[in-house]
Amino acid sequence: MRQAGVYSGILSGGGISGRTGPHLLPLARIKKIMKKSSVDVKMISGEAPLVFSKACELFIEELTKRSWNMTIQGKRRTLHKEDVASALATTDVFDFLINLVYPNASDHPNLNEEYTEKKQ
C-alpha cells in the first residue's frame, strides 16, 4: 500500500479552507506562469501548481507579517507600499525583490547603507 507523502496534507486539504478547495490562489494562473518561465517547461503535473500555491500563500503571509511590523513601528493602522518596501529592505531573504520596490536601488542612499552593512 502506498504511504502518504510529505505534501499529502497540502494536496488533500490539510485543514486549509477555501471556496474551491484547499488552494486560495488560482491554479490555472499558477500553471500559466510556470509554463511561461522557460521554453523547456512543457509538461506540469497536476500536483505541482498545488505546491506552488501553498508556497505563494506562505510567502505572502510572511511578507505581510514583516510589513505589518513596519506599519506598527510607524504608529499606523494601515499597511502601505512603503511598509512592504521597508520589510523587503530589512530582510536578507527578500533581497531578490529590492529592484521591484526600488527600481534605482543605487539611487537610494539609505538602502545602500543598509545593504552595505548587511554584506559585511
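1. Structural notes on the packing of aromatic side chains
If you walk through the whole model with that rule in mind, you get one aromatic pair. Aromatic side chains F59 and F94 sit 5.6 Å apart centroid to centroid with 85° between the ring planes, which places their arrangement in the edge-to-face category. A residue pair is termed long-range when its members are at least 10 positions apart, and F59 in helix α3 (residues 48-73) and F94 in the loop between α4 (81-89) and α5 (98-101) qualify at 35 residues. Residue F59 is classed as partly exposed on the basis of its relative accessible area, which comes to 32%. The class for F94 is buried, based on a relative accessible area of 4%.

2. A word on the confidence of the model for the protein
In the predicted model, the protein carries a mean pLDDT of 80, and the fraction of residues at 70 or more is 68%. Mean pLDDT values over the elements of the protein span from 52, in helix α6 (residues 109-119), up to 96, in α3. Counted against residues more than four places away or in other chains, residues 15-20, with its pLDDT under 50, gives five contacts.

3. Brief notes about unusual backbone geometry
The backbone of K75 sits at a positive phi, close to 55°, despite the residue not being glycine. Summarising the element assignment, K75 is placed in the loop between α3 and α4.

4. Things to note about the packing of helix α2 (residues 27-36) against α3
In contact at an axis separation of 9 Å, α2 and α3 are set at 100° when each is read in the N-to-C sense. Judged by the inter-axis angle, α2 sits roughly perpendicular to α3. Packed against α2, whose contacting residues are L27, I30, K31 and M34, the element α3 presents A48, P49, L50, F52 and S53 at the interface. When grouped by side-chain class, the residues that make up the contact of α2 with α3 number seven nonpolar, one polar and one charged.

5. A short note on the nonpolar core
Within the largest apolar cluster, eleven residues are counted, these being L63, M70, A85, A87, L88, A89, F94, L97, I98, V101 and Y102. Where this core is concerned, the elements lending two or more residues are α3, α4 and α5.

Quick notes on the rules
Residues numbered from 1 in each chain as written. Predicted model: local features only at pLDDT ≥ 70, side-chain atom pairs only at ≥ 80, totals over all residues. Heavy atoms only, no water. Phe/Tyr/Trp six-rings, centres within 6.5 Å; stacked < 30°, edge-to-face > 60°. Helix = DSSP H or I, 4+ residues; strand = E, 2+ residues; numbered from the N terminus. Buried < 20%, exposed > 50% of the residue type's maximum accessible area, 1.4 Å probe, protein only. pLDDT = per-residue confidence, 0-100. Contact = heavy atoms within 4.5 Å. Axes fitted to C-alpha atoms, helices over the stretch in contact; angles between N-to-C directions. Parallel < 35°, antiparallel > 145°, perpendicular 65-115°, else oblique. Nonpolar A, V, L, I, M, F, W, Y, C, P; charged D, E, K, R; others polar. Core = buried A, V, L, I, M, F, W, Y, C linked by side-chain atoms within 4.5 Å.

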